[in-house]
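Working through the structure, step by step
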Amino acid sequence: TLVFGVLNLIVAVIVDVFAQSKDKDVYARATEMEEEERDQKAVLNQIFKRIDRDGGGTLSYAELVRGASKEPEFQRWLRVMDIDCRDLEQLF
């Protein structure tokens, strides 16, 4: 019974170590995802500034459509999000 007690203690320590490691991995992944989101928002912000023809700080539907047809980087983003020209009106 002493052997089983020691084995249970060892297993408990191992499980605890793995649980702590998993928590660190989850935290690291969440931090990484937040950084990626910030980076992606910055890229989209730059795209929207290029599409904003009148420089007013907002996009009109016409600017959005024009950007979707003329701006290659914006076209790639729309493709990744599975948005085509017919969806732009709903997006707007």
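Described in the following lines is the structure provided in the data block.

1. Some points on helix H2 (residues 61–70)
- Looking at H2, one finds that the buried residues are Glu63, Leu64, Gly67 and Ala68. Looking down the long axis of H2, one finds its buried residues gathered within 135 degrees of arc, a one-sided arrangement. For H2, exposure combined with an orientation more than 90 degrees from the buried face picks out Ala62 and Lys70.

2. Describing the nonpolar core
- Ranked by size, the top nonpolar core spans eight residues in total: Leu44, Ile47, Ile51, Leu64, Ala68, Phe74, Leu78 and Leu88.
- Of all the elements in the fold, those that place two or more residues in this core are helix H1 (2–51), H2 and helix H3 (72–80).
- Top contributing element to this core by residue count: H1, with three residues.
- For phenylalanine 74, the contacting residues outside a window of four places in its chain are Ile47, Phe48, Ile51, Leu64, Gly67 and Ala68.

3. Re the packing of aromatic side chains
- What the rule picks out here adds up to one aromatic pair.
- Between phenylalanine 48 and phenylalanine 74 the ring centres are 5.9 Å apart and the planes differ by 75 degrees, which places this aromatic pair in the edge-to-face class. Residue phenylalanine 48 is found in helix H1, and its partner phenylalanine 74 is found in helix H3; the two are separated by 26 residues along the sequence.
- Phenylalanine 74 gets classed as buried once you look at its relative accessible area, which sits at 3%.

4. Details of the pattern of salt bridges
- Counted according to the given criterion, the structure contains six salt bridges.
- One salt bridge in this structure joins glutamate 37 and lysine 41, with 3.1 Å as the shortest N-O distance. Taken as a pair, glutamate 37 and lysine 41 lie in helix H1 at a separation of four residues, close to a single helical turn.
- On the accessibility criterion, lysine 41 (53% relative accessible area) is exposed.

5. Some points on the packing of H2 against H3
- Running from N to C, H2 and H3 point in directions that differ by 95 degrees, and their axes come no closer than 6 Å. On the basis of the axis angle, H2 is roughly perpendicular to H3. Contacts between H2 and H3 involve Leu64, Gly67, Ala68, Ser69 and Lys70 on the former and, on the latter, Pro72, Phe74, Gln75 and Leu78.
- Looking at side-chain class alone, the contact of H2 with H3 contains five nonpolar, three polar and one charged residues.

So, how was this worked out
Numbers given for residues are sequential positions, taken from 1 along each chain in its written order. Local features are withheld for residues below a pLDDT of 70 in this predicted model, meaning they are given only at 70 or higher, and side-chain atom pairs are given and counted only at 80 or more; totals for whole chains, interfaces and linings count all residues. As a rule here, side-chain values come from all non-hydrogen atoms in the structure, and water together with hydrogens is ignored. The buried label goes to any residue with under 20% of its type's maximum accessible area, the exposed label to any with over 50%, and the partly exposed label to all in between, with areas taken from a 1.4 Å probe on protein chains only. Strands here mean DSSP runs of E at least two residues long; helices mean DSSP runs of H or I at least four residues long; both are numbered from the N terminus. The arc under discussion is defined with respect to the helix axis, by the directions toward the C-beta atoms. Only buried Ala, Val, Leu, Ile, Met, Phe, Trp, Tyr and Cys residues count toward a nonpolar core, and they belong to the same one when joined by side-chain atoms within 4.5 Å. Whether two residues touch is decided by their heavy atoms; if any such pair falls within 4.5 Å, the residues are in contact. Only rings of Phe, Tyr and Trp enter the pairing, Trp through its six-membered ring, and a pair is recorded when the two centres are within 6.5 Å. The plane angle decides the type: under 30 degrees is stacked, over 60 is edge-to-face, the rest tilted. By definition here, a salt bridge exists when the distance from a side-chain nitrogen of Lys or Arg to a carboxyl oxygen of Asp or Glu is within 4 Å. Axes here refer to lines fitted to C-alpha atoms; in helices the fit is confined to the stretch in contact. Angles between the N-to-C directions go from 0 to 180 degrees. The scheme is simple: roughly parallel for angles under 35 degrees, roughly antiparallel for over 145, roughly perpendicular for 65 to 115, oblique for anything else. Gly counts as polar in this scheme, as do all residues outside two lists: the nonpolar Ala, Val, Leu, Ile, Met, Phe, Trp, Tyr, Cys and Pro, and the charged Asp, Glu, Lys and Arg.

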